[in-house]
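Here's the letter readout for the chains.
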Amino acid sequence: MRSLELAGPQSVLADVALVAPPSIWRRFPSRVGTFCLVELQKLSHDRTELFTRAVQPVLWLVVFGETFNRLHAIPTGGKSYLDFLAPGIIAQSGLFVAIFYGIQIIWERDAGVLTKLLVTPTPRSALILGKSFAAGIRAVAQVIVVLVVSLLLGVSLTDNPFRILGAFAIVVLGAAFFSCLSMTIAGIVLKRDRLMGISQMITMPLFFASNALYPVSVMPAWLRVLSKVNPLSYEVDALRGLLTRSPSHIWLDFLVLLIAVVIGVVTASSLVGRLAR
Amino acid sequence: MTALAEQLPLPALSVRGVRHRFGDHLALDGVDMTVDRGEVFGLLGPNGAGKTTTIRLANTLLPLQEGEIEVAGYDVRRAPMAVRRLLGYVPQQLSIEAALTGRENVSWFARLFDVPRSERKERVATALEIMGLADAADRLAGTFSGGMIRRLELAQALVNRPTMLVLDEPTVGLDPVARDGVWQRVEEMRNAFGMTVLVTTHYMEEADALCDRVALMHLGKIRASGTPDELKAAIGPDATLEDVFRRHTGETLVGDGTKGGLREIARTRRTAKRVG
């Protein structure tokens, strides 16, 4: 009988070898790296999205930005409005990329891929962290396109490579948070159509209730409160400080975004299992 | 545990007294089964019998409510990560990342199973080769046919060299040629790596031809188990597994009308087999 021949002590040893896992401290970065790599591979096979998604930010900069640049209607502390606006639009394009990730995870559930991911030795939190950093990578790729467009429009951006890298780090954190927000909602509503509706409903308010288009000082009091609790405001503030050397609170912004990401990852990972039931 | 018991190899899968509810619906009503190492074990039954629920409990996708499940001695409640490392799982639904190439799909899972970097490239290539996908490996998986996707999924499950391969309805939705291809590869993998295979199916002929042992499941319970030959011999000389299934379930659980229906289906299938 085949079953008896194979059931020697060897197969038990094989189990032990299989089960001996790399430590959790190595596994987390390894999973995050894996999901980022997969994201880059997907992106390399289809780059059209990078350009179609660049259309909207370009319109904001060219139409809205150029117009208000001439109006001088918004107080920007001595800067041109385009310089003021560019970091806001960069944050926005990251937001729009990230908010898609909840839809993507539902799509993966519908396609059966999520089920397979959930039975790999990947803790739920590592799966969510991996996906949120993948969102960050894709957002950075998108932001590079917007940065180039901004330069062509004459926005005076920093040429300090460390500041640019810092800005990328901020974009990654922002996208990580918003993708977690999106995946959290996905874990609650469970249906693609519903999530698409909600995503559309929340992205514009998140954008308008932030300092992306106008400074906090011109907002009515109620909007100031919303802007204060909106992570996008902190992202924009940090990007302004890093890219256009405006006065900002970079370390506070960084800390707020980091805490937001931790909360986002914890919440989304506690809900993602619901998608597979 | 005695010293002797520790030396004895534990079964690949042991399920004891498992009940599972989805709301008011009792999906599993006391399931007991053991899958021995190295065997191809078929879990058979119609849609809704509880096969997929059993598998999803064993691979940690669903939380175990009542009973015990161990994979190679690892408890699914206490050591879910160890259980996941031991299993290769191919779900019923054809599921690959269409925007990646075949090789990238397999490599992805190699990383998720912590296949060491030094072995990764070679193991990915070997898995693709065994599945007959070496030539198509660098094409986008979105261009693959159904049979190729299923073989790609087998490569994803194989790259970890699992102790037990769990296949949920692996041939549903495939044309006969692709179906044979899938079974042939599973057989080759089993012979090459000596792994245990747990497969669910509602194609009785497939199970009869390919499984060492089968369990017949109906309405959340296992009604009969044994080798296909044993089960058939107990019914009569020319009995098929479908006859066995009807004997163990039809009497008590299926009304007359449906019984005729089942017989009708069985007859049609046999005819189809002769003609085809």
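Residues numbered from 1 in each chain as written. Chains lettered and ligands numbered in written order. Predicted model: local features only at pLDDT ≥ 70, side-chain atom pairs only at ≥ 80, totals over all residues.

### Thoughts on the overall build of chain B
The number of helices and strands found in chain B is 11 helices and 10 strands. A total of 276 residues make up chain B; the buried ones form 49% of that total. For chain B, the proportion of contacts with a sequence separation of at least 24, taken over those separated by at least 6, is 67%. (Helix = DSSP H or I, 4+ residues; strand = E, 2+ residues; numbered from the N terminus. Buried ≥ 20, exposed ≤ 12 C-beta atoms within 10 Å, placed from the backbone. Contact = placed C-beta atoms within 7 Å.)

### Side note on the packing of helix α4 (residues 102-112) of chain B against helix α6 (residues 146-158) of chain B
To characterise two packed helices, one gives the angle between the axes of the helices and the distance between these axes. All names here are of chain B. At a minimum axis distance of 8 Å, the contact between α4 and α6 shows a crossing angle of 30°. As summarised for this structure, α4 and α6 are arranged roughly parallel, according to the angle between their axes. Classified by chirality, the crossing of α6 by α4 is right-handed. The residues of α6 that touch α4, namely those facing G102, N105, V106 and F109, are L152, A155 and Q156. Residues belonging to the contact of α4 with α6 are distributed by class as follows: four nonpolar, three polar and no charged. (Axes fitted to C-alpha atoms, helices over the stretch in contact; angles between N-to-C directions. Parallel < 35°, antiparallel > 145°, perpendicular 65-115°, else oblique. Left-handed = near helix turned anticlockwise from the far one by under 90°. Nonpolar A, V, L, I, M, F, W, Y, C, P; charged D, E, K, R; others polar.)

### Brief notes about unusual backbone geometry
Positive phi is not limited to glycine here, since L190 of chain A has a value of about 65°. For L190 of chain A, the position within the fold is in the loop between α9 (161-189) and α10 (192-208).

### Digging into α9 of chain A
Between the first and last C-alpha of α9 of chain A there are 42 Å, a value that for 29 residues agrees with the 42 Å anticipated at 1.5 Å per step. Looking one or two residues beyond α9 of chain A, the residue adopting positive phi is L190 of chain A, at roughly 65°. (Expected span 1.5 Å × (residues − 1).)

### Quick look at the interface of chain B and chain A
Contact with chain B, which involves 34 residues of that partner, is made by 33 residues of chain A. Broken down by secondary-structure element, the contributors of at least two residues to the side of chain B that touches chain A are α3 (80-86), β6 (87-90) and α4 of chain B. Residue classes in the side of chain B that touches chain A are distributed as 17 nonpolar, seven polar and 10 charged.

### Some words on the domain arrangement of chain B
Residues and elements named next belong to chain B. Segmenting chain B into domains produces domain 1 (10-226) and domain 2 (229-276). The C-alpha centroid of domain 2 is placed 26 Å from the C-alpha centroid of domain 1. In this complex, domain 1 contributes 11 residues to the contact, which on the side of domain 2 involves 11 residues. Breaking the side of domain 1 that touches domain 2 down by element, the ones donating at least two residues are α8 (204-210), β9 (213-218) and β10 (221-226). Top contributing element to the side of domain 1 that touches domain 2 by residue count: α8, with four residues. (Domains from an automatic or database assignment.)

### Focus on the sheet that holds strand β7 (residues 164-168) of chain B
Residues and elements named next belong to chain B. A sheet is described by the order of its strands in space; here six strands give the open sequence β6-β7-β8-β3-β9-β10, paired in mixed fashion. If you trace the sheet from one side to the other, it starts and ends with β6 and β10, each paired once. Geometrically, the sheet is characterised by an average inter-axis angle of 15° between neighbouring strands, direction not taken into account. For strand β3 (residues 40-44) and β9, the ladder comprises four bridges, and the chain directions are parallel. What sits directly across from G42, in β9, is V214. (Pairing = 2+ DSSP bridges.)

### Details of the confidence of the model for chain B
Residue and element names in this part refer to chain B. Summarising the model, chain B shows a mean pLDDT of 86, and 88% of its residues fall at 70 or more. When mean pLDDT is compared element by element in chain B, α4 scores highest at 97, while helix α1 (residues 3-7) scores lowest at 49. Low pLDDT, under 50, characterises residues 251-261; the predicted model gives this stretch six contacts beyond four residues in sequence or across chains. Scoring the predicted complex yields pTM 0.85 and, for the interface, ipTM 0.85. (pLDDT = per-residue confidence, 0-100.)

### Observations concerning the pairing of β10 of chain B
Residue and element names in this part refer to chain B. Looking at chain direction, β9 and β10 are connected through five bridges and run antiparallel. Paired with L216 across the strands is A224, a residue of β10. In textbook terms, the turn of a hairpin is the stretch between consecutive antiparallel strands, and for β9 and β10 this stretch comprises two residues, one of which, L219, has a positive phi near 45°.

### Some thoughts on the sheet that holds strand β2 (residues 25-35) of chain B
All names here are of chain B. With antiparallel pairing, the four strands of this open sheet are ordered in space as β2-β1-β4-β5. In the strand order of this sheet, the two ends are held by β2 and β5 (74-75), each with one partner. Inspection of the sheet shows strand β1 (residues 13-22) paired to strand β4 (residues 66-71) by five bridges, in the antiparallel sense. Directly across from R16, in β4, lies its bridge partner E68. Against the sheet, helix α2 (residues 51-58) makes contact with β1, β2 and β4, and its axis sits at roughly 115° relative to β1, the strand it touches most.

### Looking at the environment of S125 of chain A
Residue and element names in this part refer to chain A. Turning to its location among the elements, S125 is positioned in helix α8 (residues 124-152). As for S125 and S269, which are separated by 144 residues in sequence, their C-alpha atoms are 5.0 Å apart. Setting aside chain neighbours within four positions, we find S125 in contact with V265 and S269.

### Regarding the packing of helix α5 (residues 81-98) of chain A against α9 of chain A
Residues and elements named next belong to chain A. Remark: α5 packs on α9, axes separated minimally by 8 Å, with the N-to-C direction vectors making an angle of 35°. Both α5 and α9 take part in a crossing whose hand is right-handed. Mapping the contact onto sequence places A91, G94, L95, V97 and A98 in α5 and V171, G174, A175, F178, S179 and S182 in α9. Partitioning the contact of α5 with α9 into residue classes produces seven nonpolar, four polar and no charged.

### Details of the nonpolar core
If you look at the biggest cluster of nonpolar residues, it comprises 148 residues, and the most contacted ones within it are A98 of chain A together with V71, A155 and M164 of chain B. Sort the elements by how many residues they give to this core and α9 of chain A lands first, with 14 residues. Formed jointly, this core draws a minimum of three residues from each of two domains, domain 1 (10-226) and domain 2 (229-276) of chain B. In this structure, M164 of chain B is in contact with A12, L13, V71, L86, L87, M195, T196 and L198 of chain B, ignoring residues within four places of it in sequence. (Core = buried A, V, L, I, M, F, W, Y, C linked by C-beta atoms within 7 Å.)

### What to know about the confidence of the model for chain A
Confidence along chain A averages 89 in pLDDT terms, with 92% of residues attaining 70 or more. Taken together, the stretch residues 1-10 of chain A has pLDDT below 50 and engages in 17 contacts with residues farther than four places along the chain or on a different chain.

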